[in-house]
Amino acid sequence: MSSPPATEAAASRGRWSTGTAARLATVFAVGAAAVACLWAYGNRHDFFDLRIYVSAMRWWADGHDLYDYVQPDRVQGALYFTYPPFTALLLRPVAYLPLGITIGLLTAATVVALAVTTWWLVAPVADRLRLPRWYAAGIAVPLAVVLEPMRETLAFGQINLLLIVLILADLLFGVLRNARWAGVGIGLATALKLFPGIFIAYLLVTCRWRAAAVAGGTAVAATLVAAALAPRASWQFWTEALWSTDRVGRIDYTANQSLLGLLARLSAPDDPRRAVWLVVAVLVAAYGLWRAARAARVGDEVAGLTLAGLVGALISPITWDHHLYWFIPALVVLVDAAIPGTGRGLRAAPLGLAVVTYAVAAFGVVSFIDYSTTWGPTDSVGEFLTRNAYVLLALVLVAALPARSSRS
């Protein structure tokens, strides 16, 4: 005899309530663990980079040349304002704000940006696995925020995540929908911090000609606007400051997780084998962008943009550890690839790579090593592996990150 409809409905509500309560408890536990980790880690840098930005803007507002600003540093000797003039114009208002308000605004914006972009990345995975989106994001965001690149972004007061919003919004929405504005976000991000220019190359290798043209045109337009509003600063940046390598810090510094940094740590700091670096960088860029184009061609835009981001990090002369946001979308791709479908076992290869990626990014390369003294050549295999962990991991991901042909 079948159960009455009312009984079935009550049982269904009971199962739903129990399942929802368990999920809420899981999200709360993961969030609490993340907060505890961040609390234990502490704010080791006290918004050091943001303080430089604010001091440079106040220096500029007082009538001095922007790129003449220099701040003594006990580790690297001297630090400068290194962003393009377009960024300086957008940052100029912080010269007139109390530092505490600036810190609060940027920290809140960074957390919101991480939450939003993580939602964009995990929502399709949650839909495929028939999980509530809030549940997937509620677990993913706390796990992401404790990774060293995110810890350092928050502690230094960096603007990285604001650029990530522009890039991901462009690639995951504008480009995929062939929107008229596709490319604008990447163009603005490139005008703000040069590094996102790798995504213009990504648009080209994926044959998104219109979006690439819009991105390039937007970057040029924003740069010309900055030149019109701040001609002296623009001239100083593009003719002098941009080409002065000593402005960005020591190349052999452990926090510099680029191919050039690795080579500098293999040899003498003053002789990082630039010819070798150039050859290796070209090969890595060619192979990585080829893989990114293949991923996009089979419909995996997240894998494609992740590969492009990793390539940009590897070939850039300076890639600080807080620039390596790209481990987060790589983890999403790996976890999704490790869970093939209902009734099937986990795939060992992507799951294992996901575990290794998370473990390396959570431990980091500078968090638990003496940050003030870790430069110069490496003198043992163990030191080589620990001080170049992100470079080596990024190379592995460029070669092994899967492209999910049946899921976009």
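Above: the structure in question.
Nothing here was measured: the structure is a model prediction, and the numbers come from that model.

Novice: Which residues make up the overall build of the chain, and what values do they have?
Specialist: Counting its secondary structure elements, the chain contains 18 helices and two strands. Its C-alpha radius of gyration of 23 Å places the chain within 12% of the 22 Å reference for a compact globule of 408 residues. For the chain, buried positions account for 50% of its 408 residues. In the chain, 74% of the contacts between residues at least 6 apart in sequence involve partners at least 24 apart. About 18,700 Å² of surface is accessible on the chain, with carbon and sulfur atoms providing 68% of the total.

Novice: I'd like to hear about the packing of helix α10 (residues 209-229) against helix α11 (residues 231-239), residue by residue, with values.
Specialist: Where α10 contacts α11, the axes come no closer than 5 Å and their chain directions differ by 125°. Taken together, α10 and α11 sit at an angle that is classed as oblique. Mapping the contact onto sequence places Thr223, Ala226, Ala227, Ala228 and Leu229 in α10 and Pro231, Ser234 and Trp238 in α11. Here the contact of α10 with α11 is composed, by residue class, of six nonpolar, two polar and no charged.

Novice: Go over the environment of tyrosine 96, please, and point to the residues and values.
Specialist: Within the secondary structure, tyrosine 96 is located in the loop between α3 (85-91) and α4 (99-128). Tyrosine 96 gets classed as exposed once you look at its relative accessible area, which sits at 58%. When the C-alpha atoms of tyrosine 96 and arginine 58 are compared, they prove to be 7.6 Å apart, with 38 residues separating the residues in sequence.

Novice: Can you tell me about helix α16 (residues 348-363), naming the residues and giving the values?
Specialist: Over its 16 residues, α16 runs 22 Å from end to end, which matches the ideal 22 Å to within 8%, given 1.5 Å per residue. For α16, the complete set of buried residues consists of Pro350, Leu353, Ala354, Thr357 and Ala361. Projected down its long axis, α16 shows its buried positions confined to an angular sector of 105°, all on one face. Turned more than 90 degrees away from the buried face of α16 sit Ala348 and Val355, all of them exposed. Tucked inside the fold, the buried residues of α16 contact α6 (148-156), α15 (327-338) and α18 (389-400). Within two residues after α16, glycine 364 carries a phi angle of roughly 85°, on the positive side.

Novice: Which residues make up the pattern of salt bridges, and what values do they have?
Specialist: All told, the structure shown has eight salt bridges when counted by the stated rule. Aspartate 46 is the salt-bridge partner of arginine 51, the closest N and O atoms lying 3.2 Å from each other. Note that arginine 133 is salt-bridged to aspartate 127, the shortest N-O span being 2.5 Å.

Novice: Just give me the short version of the packing of aromatic side chains, but keep the residues and values in it.
Specialist: In total, this model carries 16 aromatic pairs according to the counting rule given. Their ring planes at 90° and their centres at 6.3 Å tell us that tyrosine 53 and phenylalanine 81 sit as a pair that is edge-to-face. Linking tyrosine 53 in helix α2 (residues 48-61) with phenylalanine 81 in the loop between β2 (77-80) and α3, this pair joins segments that are 28 residues apart in sequence. Accessibility expressed as a relative area gives 7% for tyrosine 53, which makes it buried. Owing to a relative accessible area of 1%, phenylalanine 81 belongs among the buried residues under this scheme. In textbook terms, an aromatic cluster arises when at least three aromatic residues are bridged by ring pairs, as seen for Tyr53, Tyr67, Phe81, Tyr83, Phe237 and Trp238. Here arginine 92 stacks its cationic end above the ring of tryptophan 60, 4.7 Å away from the centre of that ring.

Novice: Tell me about the side chain of threonine 254, residues and numbers included.
Specialist: Its place among the elements puts threonine 254 in the loop between α11 and α12 (259-266). Overall, the relative accessible area of 0% leaves threonine 254 in the buried class.

Novice: Run through the nonpolar core, naming residues and quoting values.
Specialist: By size, the foremost hydrophobic cluster in this structure holds 90 residues, and its most contacted members are Leu171, Phe199, Tyr325 and Leu397. Ranked by residues supplied to this core, first place goes to helix α14 (residues 301-315) with nine residues. Within the second largest apolar cluster, 25 residues are counted, among which are Ala56, Trp60, Phe81 and Ala88.

The rules we used
Residues numbered from 1 in each chain as written. Predicted model: local features only at pLDDT ≥ 70, side-chain atom pairs only at ≥ 80, totals over all residues. Heavy atoms only, no water. Helix = DSSP H or I, 4+ residues; strand = E, 2+ residues; numbered from the N terminus. Rg over C-alpha atoms; globule rule 2.2 N^0.38 Å. Buried < 20%, exposed > 50% of the residue type's maximum accessible area, 1.4 Å probe, protein only. Contact = heavy atoms within 4.5 Å. Areas by Shrake-Rupley, 256 points an atom, 1.4 Å probe, with all protein chains shown as cover. Axes fitted to C-alpha atoms, helices over the stretch in contact; angles between N-to-C directions. Parallel < 35°, antiparallel > 145°, perpendicular 65-115°, else oblique. Nonpolar A, V, L, I, M, F, W, Y, C, P; charged D, E, K, R; others polar. Expected span 1.5 Å × (residues − 1). Arc of directions from axis to C-beta. Salt bridge = Lys/Arg side-chain N within 4 Å of Asp/Glu carboxyl O. Phe/Tyr/Trp six-rings, centres within 6.5 Å; stacked < 30°, edge-to-face > 60°. Lys NZ or Arg CZ within 6 Å of the ring centre and 35° of its normal. Core = buried A, V, L, I, M, F, W, Y, C linked by side-chain atoms within 4.5 Å.

These figures come from the coordinates and say nothing about function on their own.
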